[in-house]
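Residues per chain are reported as follows:
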Amino acid sequence: MNMEKNWITLREVDEAEHAAKGTAFRAFRRIEAHWSEPQDFRVLHHDDDRAIIDSLRAKQRIYSSTVNLLLLSPALATAVRAQMRRMITDPAE
């Protein structure tokens, strides 16, 4: 599996929506129950997936402070972006 090309990082989603760091993660948490790992998202652990994490960090696709990494499928990234927009218009959403 090509983690670098087929998956979208939370930083990329935050930046696409011009949102503060962490906004995409909070949006993901609100809709996470409707999606499943490993089809829709992947969690990479710093002990097991260091090479991939370091590569994405070197390409500035993740935040420099990232330890463990959450990657989103394109479909889930789209849903997270929609949730982020709902959070702006209706913070209780």
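In what follows, the accompanying structure is described.

A few words on the sheet that holds strand S2 (residues 41-44). With respect to topology, three strands assemble into an open sheet ordered S1-S3-S2, the strand pairing being antiparallel. Of all strands in the sheet, those with a lone pairing partner are strand S1 (8-9) and S2, marking the two edges. Here S1 pairs with strand S3 (residues 69-72) via two bridges, running antiparallel. Bridging from a neighbouring strand, Ile8 pairs with Leu72 of S3.

The next subject is the environment of Val67. Residue position: Val67 is located in the loop between helix H4 (50-58) and S3. Sequence-wise, Val67 and Ala19 are 48 residues apart; in three dimensions their C-alpha atoms are separated by 20 Å. Residues in contact with Val67, not counting those within four places in the same chain, are His46, Ile53 and Arg57.

Time to look at the side chain of Arg42. Within the secondary structure layout, Arg42 lies in strand S2. Here the side chain of Arg42 touches Pro38 through a polar contact of 2.8 Å, landing on its backbone oxygen.

Between its terminal C-alpha atoms helix H5 (residues 74-89) stretches 23 Å, which fits the 22 Å expected from 16 residues at 1.5 Å a residue. Among the residues of H5, Leu76, Ala77, Ala79, Val80, Gln83, Met84 and Met87 are the ones counted as buried. The arc that holds every buried residue of H5, seen down its axis, measures 160°, which confines them to one face. Relative to its buried face, H5 has exposed residues pointing more than 90 degrees away, namely Thr78, Ile88 and Thr89. On its buried face, H5 sits against S1, helix H2 (10-16), helix H3 (23-31), S2 and S3.

With that out of the way, let us pick up the pairing of S3. Burial along S3 is two-sided: Leu69 and Leu71 facing one way and Leu70 and Leu72 facing the other are all buried. The pairing of S2 with S3 spans four bridges and is antiparallel. Paired with Arg42 across the strands is Leu71, a residue of S3.

Right, let's get into the pattern of salt bridges. As enumerated under the stated definition, the model contains six salt bridges in all. Glu15 is the partner of Arg11 in a salt bridge, and the nearest nitrogen-oxygen pair spans 2.8 Å. Highlighted residues: Arg11 and Glu15, both in helix H2, separated by four residues, approximately one helical turn. Note on Glu15: relative accessible area 45%, which makes it partly exposed. Its salt-bridge partner being Glu17, residue Arg81 comes within 2.5 Å of it at the nearest N-O pair.

Rules used in this analysis
- Residues numbered from 1 in each chain as written.
- Predicted model: local features only at pLDDT ≥ 70, side-chain atom pairs only at ≥ 80, totals over all residues.
- Heavy atoms only, no water.
- Pairing = 2+ DSSP bridges.
- Helix = DSSP H or I, 4+ residues; strand = E, 2+ residues; numbered from the N terminus.
- Contact = heavy atoms within 4.5 Å.
- Polar contact = N/O pair within 3.5 Å; in protein donor to acceptor, adjacent residues only side chain to side chain.
- Expected span 1.5 Å × (residues − 1).
- Buried < 20%, exposed > 50% of the residue type's maximum accessible area, 1.4 Å probe, protein only.
- Arc of directions from axis to C-beta.
- Salt bridge = Lys/Arg side-chain N within 4 Å of Asp/Glu carboxyl O.

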